[in-house]
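As a plain string of letters, each chain reads:
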Amino acid sequence: MAEDKTLSFEERLARLNEIVGKIEGNTLPLKESMELYAEGKKLIEDLQKELQEAEKKVRESQESK
């Protein structure tokens, strides 16, 4: 599954959990495991960035009160 910016945060997090489950199952060929790992890593980076942006907005809104 290629990253899709139209997916919500929750949908991307669910996809990440799905990837982790598949990799932990140890039943995938190495190539597929590596592809899923790369997709998961990208999802983690994107989700962390989105969380950091949300935290920044919350801090800014608290400071402006």
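It should be emphasised that the depicted structure is a prediction, and the values quoted were computed from it without experimental measurement.

> So, the overall build of the chain: which residues are in play, and what are the values?
Helices and strands together make up the secondary structure of the chain, namely two helices and zero strands. Computed over its C-alpha atoms, the radius of gyration of the chain comes to 15 Å, more than 25% above the 11 Å expected for a compact globule of 65 residues. Counting only C-alpha atoms and orienting by the principal axes, one finds that the chain spans roughly 55 × 20 × 15 Å. Surface exposure of the chain reaches about 5,300 Å², of which carbon and sulfur atoms provide 55%.

> Go over the environment of Leu13 with me, naming the residues and quoting the values.
Along the polypeptide, Leu13 turns up in helix α1 (residues 9-24). Under the relative-accessibility criterion, Leu13 is labelled partly exposed at 35%. For the pair Leu13 and Gly40, spaced 27 residues apart in sequence, the C-alpha to C-alpha distance is 9.6 Å.

> Describe the pattern of salt bridges, and please don't skip the residues or the numbers.
For the structure on display, the rule yields five salt bridges. Linking Glu18 and Arg15 is a salt bridge whose minimum nitrogen-to-oxygen distance equals 2.9 Å. Taken as a pair, Glu18 and Arg15 lie in helix α1 at a separation of three residues, close to a single helical turn. Judged by its relative accessible area of 38%, Glu18 falls in the partly exposed class. Between Glu18 and Lys22 there is a salt bridge, with the nearest N and O atoms lying 3.5 Å from each other.

What counts, and where the lines are drawn
Residues numbered from 1 in each chain as written. Predicted model: local features only at pLDDT ≥ 70, side-chain atom pairs only at ≥ 80, totals over all residues. Heavy atoms only, no water. Helix = DSSP H or I, 4+ residues; strand = E, 2+ residues; numbered from the N terminus. Rg over C-alpha atoms; globule rule 2.2 N^0.38 Å. Areas by Shrake-Rupley, 256 points an atom, 1.4 Å probe, with all protein chains shown as cover. Buried < 20%, exposed > 50% of the residue type's maximum accessible area, 1.4 Å probe, protein only. Salt bridge = Lys/Arg side-chain N within 4 Å of Asp/Glu carboxyl O.

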